[in-house]
Amino acid sequence: MMNVSPSRLAAAAATVTVVLWASAFVSIRSAGAAYSPGALALGRLLAGALTLGAICLVRREGWPPRAAWRGIAISGLLWFGFYMVALNWGEQQVDAGTAALVVNVGPLLIALLGARLLGDPMPPRLLAGMAVSFAGAVTVGLSMSGGGSSVLGVVLCLLAAVAYASGVVAQKPALGRASVLQVTTFGCLVGAVVCLPFTGQLLHEAARAPLPATLNMVYLGVFPTALAFTTWAYALSRTTASRMGATTYAVPALVVLMSWLALGEVPGPVTLVGGALCLAGVAVSRSRPHRRISRTAHEEPRPERVS
């Protein structure tokens, strides 16, 4: 049986995450037509928590250690809870391009917070890659903007980006004290508890929502939440928060592609250029500098001179 290196497994997990998170934007557009922001967030988190809880029971995962609860609680409150409500609400106030543009401030905030609070290194390749990806996200956002944005929507998307970045930085230390599944499951449960005030809205809207919208909400909970947040945590536990944040710049490019294939929204040339920049920046940020081989380590020893 072929052994797979941990770095390759982490890269594969990060790939699963960005693909599923990109698909979430397409599903949110469908479910968001029938569900209000808070109800959609609660339904998604409940579906995710039930899925993760069942897996925990099968694997006999216990309660996380006390030392991990601070990070789990903060990430659950900010990322699983507040972020999802704010993003759903913000996307109803602004066009998709503006939302993508503002939310993509998140990886930059992760890099800054990671360097300040976690001591993450900031190598030149990471900074250069993030700069290229952010330029691509700006290009995609401007090309998709329809001019129908509101100040409230921009503020909500910015708050979502801050909550996302803060949640990631809080989650990183918890992964050193508890398992990936524990951190993800209980973070999702905390987020669901935070959204319980929207229970009445969820029940009211679920009774009237078309089946495709409800199925999209369940899909959001099972795949972009339960599965993708688990693969994210697995990859995050094996690299820095800054590098993982840079990886999410692939999401806008994938959203453009999925919208083209699933919704028939043909992207323009400028949008395609922006998507290519996003992917190029991720490639640069994930690359590692070539190690220079010392000559003395590989050259044949020179014969000693005889005097």
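Residues numbered from 1 in each chain as written. Predicted model: local features only at pLDDT ≥ 70, side-chain atom pairs only at ≥ 80, totals over all residues. Heavy atoms only, no water.

Q: How should I be thinking about the overall build of the protein in this particular structure?
A: A count of helices and strands for the protein gives 14 helices and zero strands. Reading the secondary structure of the protein in the N-to-C direction produces α-α-α-α-α-α-α-α-α-α-α-α-α-α. Residues classed as buried in the protein amount to 47% of the 307 residues present. Here the contacts in the protein between residues at least 6 apart in sequence split such that 92% fall between residues at least 24 apart. Just so you have it, the protein exposes about 15500 Å², and 67% of that area is on carbon and sulfur atoms. (Helix = DSSP H or I, 4+ residues; strand = E, 2+ residues; numbered from the N terminus. Buried < 20%, exposed > 50% of the residue type's maximum accessible area, 1.4 Å probe, protein only. Contact = heavy atoms within 4.5 Å. Areas by Shrake-Rupley, 256 points an atom, 1.4 Å probe, with all protein chains shown as cover.)

Q: Would you mind going over the pattern of salt bridges with me for this structure?
A: When the charged atoms of two side chains lie near each other, side chains of opposite charge can form a pair. Applying the stated criterion to the full structure yields one salt bridge. Of the charged contacts, one joins Glu-61 and Arg-59 as a salt bridge, the two residues approaching to 3.6 Å between their closest N and O atoms. A relative accessible area of 22% means that Glu-61 is categorised as partly exposed. (Salt bridge = Lys/Arg side-chain N within 4 Å of Asp/Glu carboxyl O.)

Q: Looking at this structure, how should I read the state of the cysteines?
A: Applying the stated criterion across every chain yields a total of zero disulfides. Considering cysteine sulfurs only, Cys-188 is the nearest to Cys-195, which forms no disulfide, with 9.7 Å between them. (Disulfide = S-S within 2.5 Å.)

Q: What is the right way to look at the nonpolar core in this model?
A: Within soluble globular proteins, side chains that are nonpolar tend to cluster in buried spots. Among the nonpolar cores identified, the biggest contains 64 residues, and Tyr-35, Trp-79, Tyr-83, Val-168 and Trp-232 are the most heavily contacted of them. Here this core takes ten residues from helix α10 (residues 211-236), the largest share from any one element. (Core = buried A, V, L, I, M, F, W, Y, C linked by side-chain atoms within 4.5 Å.)

Q: Would you take a moment to explain the packing of aromatic side chains for this structure?
A: Aromatic ring pairs are reported here in terms of the distance separating the ring centres and the angle at which the planes meet. In this structure the tally under the stated criterion is 13 aromatic pairs. Ring centres of Trp-79 and Phe-80 lie 6.1 Å apart, and the angle between their planes is 55°; this geometry places the pair in the tilted category. On the accessibility criterion, Phe-80 (0% relative accessible area) is buried. An aromatic cluster is present here, built from Trp-21, Trp-79, Phe-80, Tyr-83, Tyr-164, Phe-229 and Trp-232 joined pairwise through their rings. (Phe/Tyr/Trp six-rings, centres within 6.5 Å; stacked < 30°, edge-to-face > 60°.)

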